[in-house]
Every structure is written in structure tokens, then in C-alpha cells.
Amino acid sequence: MNSAPTRLLEVDLVVERRQVTVKTGFTLDAGERLAIFGTSGAGKTTILESIAGFVHLSSGNVRVAGRLVAGKVKGETALEARYRQVALVRQPTTLFPHLTVEQNVVYGIRRSPARSRIAELLERLGLSAFARARGAALSGGQRQRVALGRALASPFRVLLLDEPLSAVDVAAREALRLLTIETSLEHDAAGILVTHDLAEAQAFSDQLAIIDEGTLLRLGGAHEVVLSPLTRRVAELVGYGGFIPAPSAVNMWFAIHPDRVALGAVPERGVVLTGTVLATRPFGPRYECTVREQSGQQFVMHVDQPPATGALCALTALDPPVVAP
Amino acid sequence: MSATAPAGNLAASGVVPGFPVAGRLVARGSTALALLGALVIWLALLGPFAVLIQHLSFHSIRAALGPPGALEPLWTSLGASAVALGAMVLLGTPLAYLLARGRLPLARIVELGILLPLMMPPLVIGLLLIFLIGPEGTLGNLLADVHLTGVNTFFALIVAEFYEAAPFYVLGAHAAFASVDPRIEQDAALLGDRPLQAFRRITLPLAAPGLATGLATAWARAMGAFGAVVIIAYYPRGLPNQIFIAFQEFSLPGALPFALLLVVAALPLPVLAYLWSARTRSRVAGTEAP
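In this report, we go over the structure that sits alongside the text. (Residues numbered from 1 in each chain as written. Chains lettered and ligands numbered in written order. Predicted model: local features only at pLDDT ≥ 70, side-chain atom pairs only at ≥ 80, totals over all residues. Heavy atoms only, no water.)

### Comments concerning helix α5 (residues 170-186) of chain A
Turn by turn, an α-helix covers 3.6 residues, leaving residues three or four places apart pointing in a common direction.
Residues and elements named next belong to chain A.
Stage number 1. The terminal C-alpha atoms of α5 lie 25 Å apart, and with 17 residues this matches the ideal 24 Å at 1.5 Å per residue to within 8%.
Stage number 2. Of all the positions in α5, only Ala172, Arg173, Leu176, Arg177, Leu179, Thr180, Ile181, Thr183 and Ser184 are classed as buried.
Stage number 3. In this structure, the buried residues of α5 make contact with β3 (33-37), α3 (115-125), α4 (140-153), β7 (158-162) and α6 (198-204).
Stage number 4. Looking one or two residues beyond α5, the residue adopting positive phi is Asp188, at roughly 55 degrees. (Helix = DSSP H or I, 4+ residues; strand = E, 2+ residues; numbered from the N terminus. Expected span 1.5 Å × (residues − 1). Buried < 20%, exposed > 50% of the residue type's maximum accessible area, 1.4 Å probe, protein only. Contact = heavy atoms within 4.5 Å.)

### Notes on a nonpolar patch on the surface
Residues and elements named next belong to chain B.
Stage number 1. A cluster of nonpolar residues, Leu39, Trp42, Leu43, Leu46, Phe49, Leu267, Val271, Tyr274 and Leu275, forms a patch on the protein surface that exposes about 880 Å² of accessible area.
Stage number 2. For the nonpolar patch, the elements supplying multiple residues, two or more each, are α2 (20-54) and α13 (268-285).
Stage number 3. Here the element with the most residues in the nonpolar patch is α2; it accounts for five residues.
Stage number 4. Residue position: Leu267 is located in the loop between α12 (239-266) and α13.
Stage number 5. Look at Leu267 and you get partly exposed, because its relative accessible area is 36%. (Patch = residues over 30% accessible without salt bridge, like charges linked within 9 Å, V, L, I, M, F, W, Y side chains within 5 Å. Areas by Shrake-Rupley, 256 points an atom, 1.4 Å probe, with all protein chains shown as cover. Salt bridge = Lys/Arg side-chain N within 4 Å of Asp/Glu carboxyl O.)

### Some points on the environment of Ser40 of chain A
Residue and element names in this part refer to chain A.
Stage number 1. Position of Ser40 relative to the elements: it lies in the loop between β3 and α1 (44-51).
Stage number 2. For Ser40, a relative accessible area of 64% puts it in the exposed group.
Stage number 3. Each C-alpha atom, one on Ser40 and one on Leu138, is 26 Å from the other, the two residues being 98 residues apart in sequence.

### Quick look at the interface of chain B and chain A
Stage number 1. The interface is formed by 23 residues belonging to chain B together with 23 residues belonging to chain A.
Stage number 2. Across the chain B/chain A interface, buried area totals approximately 2,200 Å², and carbon plus sulfur atoms make up 58% of it.
Stage number 3. Asp193 of chain B is the salt-bridge partner of Arg110 of chain A, the closest N and O atoms lying 3.1 Å from each other.
Stage number 4. Counting every contact that joins chain B to chain A gives 12 residue pairs in polar contact (both at pLDDT 80 or more).
Stage number 5. Within the residue set of the side of chain B that touches chain A, elements represented by two or more residues are α9 (182-190), α10 (195-224) and α13 of chain B.
Stage number 6. Of the residues forming the side of chain B that touches chain A, the biggest block, seven residues, is contributed by α9 of chain B.
Stage number 7. Partitioning the side of chain B that touches chain A into residue classes produces 12 nonpolar, four polar and seven charged. (Buried area = accessible area lost by both parts, 1.4 Å probe. Polar contact = N/O pair within 3.5 Å; in protein donor to acceptor, adjacent residues only side chain to side chain. Nonpolar A, V, L, I, M, F, W, Y, C, P; charged D, E, K, R; others polar.)

If you want it as C-alpha cells, here you go:
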């Protein structure tokens, strides 16, 4: 008999799609938040829709608070959608187009809510002025706010977010992210964010899952996975742009991150390299340089003061992780 | 750098590279031709209505519709069409929904079955219905057990109208349901709706304009059904049948008042449905202020 305590969300699934087979497994407790990060077409959305119970699983199952939501288990019937306690924000946004913004937001509230509470939620979503507008009259960012509000107002235990802020102005994202996290904690819920924006993933969640071509490559702390990607593919996906053979081990590489390279030789802070600057271009307030290292490998680095193009200079890769193929 | 109109905008801008003036003339000419074509088709479609009004006099209308019992065919047609329409909604709506959601096995075969009455001449349908529900027919025997007869009865009229009109409703409803994204039904279910609740709160309002158009078309077809009706339900006399008989007995002037009556009785619902669905569609699409 399985005596392990029930986790709030248990996922173990295989979904066969035409282009890719999606295979993943993880568990989340109440209050935990996971970001699923990967390229387009990696199977992120399929994972979310599977957890919501809307995708036929080739094998495995999904449980919310111990109750079957998706998959086939002998002697058990999967919960009807209305009992799953799952809130889903899709990408592209799916609003109820014939209803107003306010009617959309309160749709999942079964008992008549206090007017002041709805007004406060609409205010925090930045939608007070549009409460009586319909979806078609809204911009992409406003539609995303409505979809997020509709999910947050419902009585969920698992919150599934598929790129929920991708069309929202950068300036407004922080407030909406905070609202999402607060509400999720109030519901004592588990949250999953799907995104291809690493900064967004780290800002939302404490855990990070890296998905590539349907497979879960790495699952760990949101910062830990980036600092210690373990394999070359994970390193590439989280932004490492160069790989220099590590002299200490066969078939292992130092992974070079553009933001973790310093000009000059500082051996106590990392690995000292020598490279030729091939090109320099502005990068926000800084500069991005393409460098060819002595081994012939190229990588990019972000610096405040760019060296002259063609210059041979000493560089320090700051504590570069060692990765396997 | 010189600006070049993208290929897709050439027609709109009226510019043909290398031949600017000729291109503009061609564009204007084709627009004028299209407008002329539209006008001709519109006039051609409206022509019969204009002629109907032109050839009717108040006197002829009173002479035809004045005598006692003259309006009986109208009540018969209205009654039979209303019942046929009710049956279509009751049976056709779930069928159309399941077809649109791909939940029926052998969906293509089912669709073909719905199309079949549309593709068959109504007269042929009438003949075949005699074999099916007539006194000697397979179902006819069963109907006799419940004291129904499938020939020359009000019931037969309903069945004939149903066969002629139902495909229009089912196909219209199928298209209307297919236009509703199934993912938003899932969203409603996740937000706590039972399947029927989600259908009532989300699917039905969104499909309503298309359903109304399908219903209106079916109503017009049912009211005007003649081919199958004249074979299997010559009596009780509905309006189309009355027009045919009046035409045979009194020629054109005798038939036209009944034709007007049929138009007046059959047209308001489709026109209202069209106006309502156009307004609802534009409201949901956001082209009209809420």
C-alpha cells in the first residue's frame, strides 16, 4: 500500500502528438509554483491542457488532491471538469465574446460576490474603465488581463497559466504577477506558468522545468537550473551561448553565459580565456561582443566598455558551469 | 530607397507596374462591372416580388380570400410548419451539435444522410415517403397501430415538410455550432458549469445567430414545401397546394392572392431572424457599441 502523503498536484503523463511525444512527470504541493520553460513547439501547452484534463493521455495520469483528473485508472472515473478545481489561462486568450469584461471575470464565482470585491479585482487588473466592454473591443493585453482575472476569481487549487502576460505592457507585468502570486497563495494553490521568457519564469516561480521536444530535461530550483544546467542542451536553452572544452575532463565543456564574462584575467573568479573580438554592437545600455576563443569556439558577451574590434584580450568566464553533452 | 506597393495591395491601389494609367482604368472597370453584376442579380431576385405586387388588385384579393374558409390553407400551413419546425429543433439541434463536435461515429455517413433529402427532387421524396409511411409501408403499419396514417393527413403534411426543410436547419445549426470554439466550452466547464449549463450560457448564445438563420431558412422551406406535399399530403390543403389548385382552376389571377398570402405569412420570420442575427453578430464582433 502506498503510504506516501498525497501531493496537491501529481503529474505523470505521455501524450503522443504528430510532431512530438510529450513525456513529463512532477509533483507540486500547495503554495509551490513551477515555471515550464522551453522553445515554441516543445509541448508546453500540451502539458498544461493535459493537466486541465482536456487531452487524451497515451499513458500516465494527472491527480489533483489525490483525485483523478486525466488518464485511465482501473476502477476510477476522472473528475468532471467542474470539480477539478483547476483554473486555466490559455494562449491565445479564450474569452466569452458575448459577455462583458465584468461578466467574464465573475463567470466562475458561484455565490454572488460582493460588488466591492469585484470592483477591487477589476481595479487591480487595470480593467475598471472597461468593465462593460466586450472582448472584441479590447486590445491583446487587455484580453489577457480579463482571462487572468477570470481564472483568479474562480475557486481554484491548481492555477495553469500559458504565457498569460505576453501581450501586457512590460510596466504593468510586475503588478499583475504580484496579484497572481498573492491570489495563488490565498487559495493555498499550486501554480504552473508556461513561458519562453526566462526572466518571467524566474520571477513567477520557485521551480523551473526545462522542456525540449516534449521531454522534461531538467527540473530544479529556478536559479539553480540556470546556474548549473548540467547538460549542454539545457545550458543552450537557458541562455548560455558558448562552450569551451574543459581541460579537466573528456567530452565536458565550460558553458559561457553572455552576462557572466568579465574583461581581464581574474583567475580567482573563474576560468581565464583569451579571445579575439570579432564584432561589437549596442545591447540595451551595454554592448554585445562576438568573441573567438583560442580553441576556435565563438561566443557572445555583454560588457559596459567594448574592446576594439580585432583586439586580442584576456577574459574571465565567471564560475562557468561544466556541462555534459 | 523607392517605395513599392506590396503585391497584395496592387488591386486596391489600382496600380499595375509599368502601366499606371491602364492599370487604374482596369481596376475601375472591374469595380463597375462587379457593381453592375450585383445590381442585376439583386433586381433579378427581387423581380418576382415586384411582379406579384404589380399584378394584384385589392378587389382580386378580397374575392379570393374573402369567402368563409378561404384562409383555412393558411392555418393548415402555419400549424404544420410550426410542428415540423419544433421537431427539427428538438431532433436536429443535438444532432447538429454532436456532428460539429465530432462526437458521432461515422460522421461522414451521417452528414451524407442529412444531405440526401436536399439532393433528391422533392417529388421523388414524396413518392418514396408513400412506400415508407403510407398504409402499405414498413413504418405505415406501425403508425396504424397508433392510429396515424401517413397519406393525406395533417401528420403526412408535417412529415413531407420536415423532409424538405430539416436539412436546411441541421446544416445551418451544424455550421453555427462549429463556429463556436470548443475550448471556450471547456473553459466554462472548468469554471464550474455542468455540460448543459455551458451549452445554455456559452454555446447557445454564440451559435444563436447561425441557428436563427438556419431556422428561418427551414421555416421558409417548410411553408413553401410543395413537391413532396402534393404527392403525400394533397389534403389537408396547405397554402402551396391551394396556390396550385387555384392556378389550375382560375389561372393566374386566382392564384396570385394566395401567393401573396404565402409570402406575407412565410417571410416575416426569416427577415426578422436575418436582421437579429446580423445585429447580434456585429455586437459580439465589436463593430457596434455595446
